[in-house]
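Here are the chains, one letter per residue:
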Amino acid sequence: MKKICILLVLMVWMMIPAYGAEGDKNDPIRNQLTWMAPAAPSNDEGDIENIYIDYITPDGQEHHIICELPWPTNASVFAGGDIEEEDINFDGIPDMQVTVGYFDGTGHNPMYMYYVWDMETHLFKELPDPLFIAPALDPESRSITSRLTQENPDNRQSYTIHCQQYVWKGDQLELTNEWSEEFTLE
């Protein structure tokens, strides 16, 4: 029953349009993808280890993406699998964002993997490292800032945000800055 519920939730999220916002570049192949229902089956121990995403290009070819979770998650608490379009490389063509869970149990640190649409091959390719946590995208600077918020164990009103900023240089992401900020709730 849990597998069916997970599949239904994933299927709803996969019913996303295969086109970008007004003014985006046009790629007829990207615009004509047929999405299959994604799957996140659990193994014999009841853990989910992978999200399987399939799509068909207009030439009838099936393409499979296996999105490996950072760690196995029990199906009863699995909170990932949301699939959305996001222009991660700021080229005007929608890419694919996959929620793979949360860094911790607070719900403040969603983790994402990205698959960038490649105009030359007309396929999604996985964006190699990093796994982004609560990312903020800035098209103006072509940067992505990953933010991990952690509660300080000695003071539950105090938090530390660890940030990593990446900038697109050509078709590669480069880590350009890392910093931490502390704040206290009043």
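Report on the accompanying structure. Computed from a predicted structure; not experimentally measured. (Residues numbered from 1 in each chain as written. Predicted model: local features only at pLDDT ≥ 70, side-chain atom pairs only at ≥ 80, totals over all residues. Heavy atoms only, no water.)

## With respect to the layout of surface pockets
And step 1. Space inside the largest pocket adds up to approximately 270 Å³.
And step 2. Among the elements of the structure, β6 (110–118), β7 (123–126) and β12 (172–184) are those that each provide at least two residues to the lining of the largest pocket.
And step 3. Among the elements that take part in the lining of the largest pocket, β6 stands out by supplying three residues, more than any other.
And step 4. Looking at the lining of the largest pocket residue by residue, the class counts come to seven nonpolar, two polar and seven charged.
And step 5. In this structure, the second largest pocket encloses a volume near 170 Å³.
And step 6. Along its surface, the second largest pocket is lined by 13 residues, and Thr73, Val77, Gly101, Tyr102 and Asp104 are the ones closest to its centre.
And step 7. Mapped by element, the contributors of at least two residues to the lining of the second largest pocket are β3 (62–74) and β5 (95–102). (1 Å grid on protein atoms, 1.4 Å probe; cavity = no way out; pocket = protein on both sides within 12 Å on 5 of 7 lines; lining within 4 Å. Points joined across faces, edges and corners; volume = space filled by probe spheres on them. Helix = DSSP H or I, 4+ residues; strand = E, 2+ residues; numbered from the N terminus. Nonpolar A, V, L, I, M, F, W, Y, C, P; charged D, E, K, R; others polar.)

## Considerations on the sheet that holds strand β1 (residues 34–35)
What holds strands together in a sheet is hydrogen bonding between their backbones, with the strands either parallel or antiparallel.
And step 1. Ordered by their spatial adjacency, three strands build an open sheet running β1-β2-β3, and the pairing between neighbours is antiparallel. Two strands close off the open sheet at either side, each with one partner strand: β1 and β3.
And step 2. Alignment of strand β2 (residues 47–56) against β3, held across nine bridges, turns out to be antiparallel. Bridge assignment links Asp47 to a residue of β3, and that residue is Asn74. (Pairing = 2+ DSSP bridges.)

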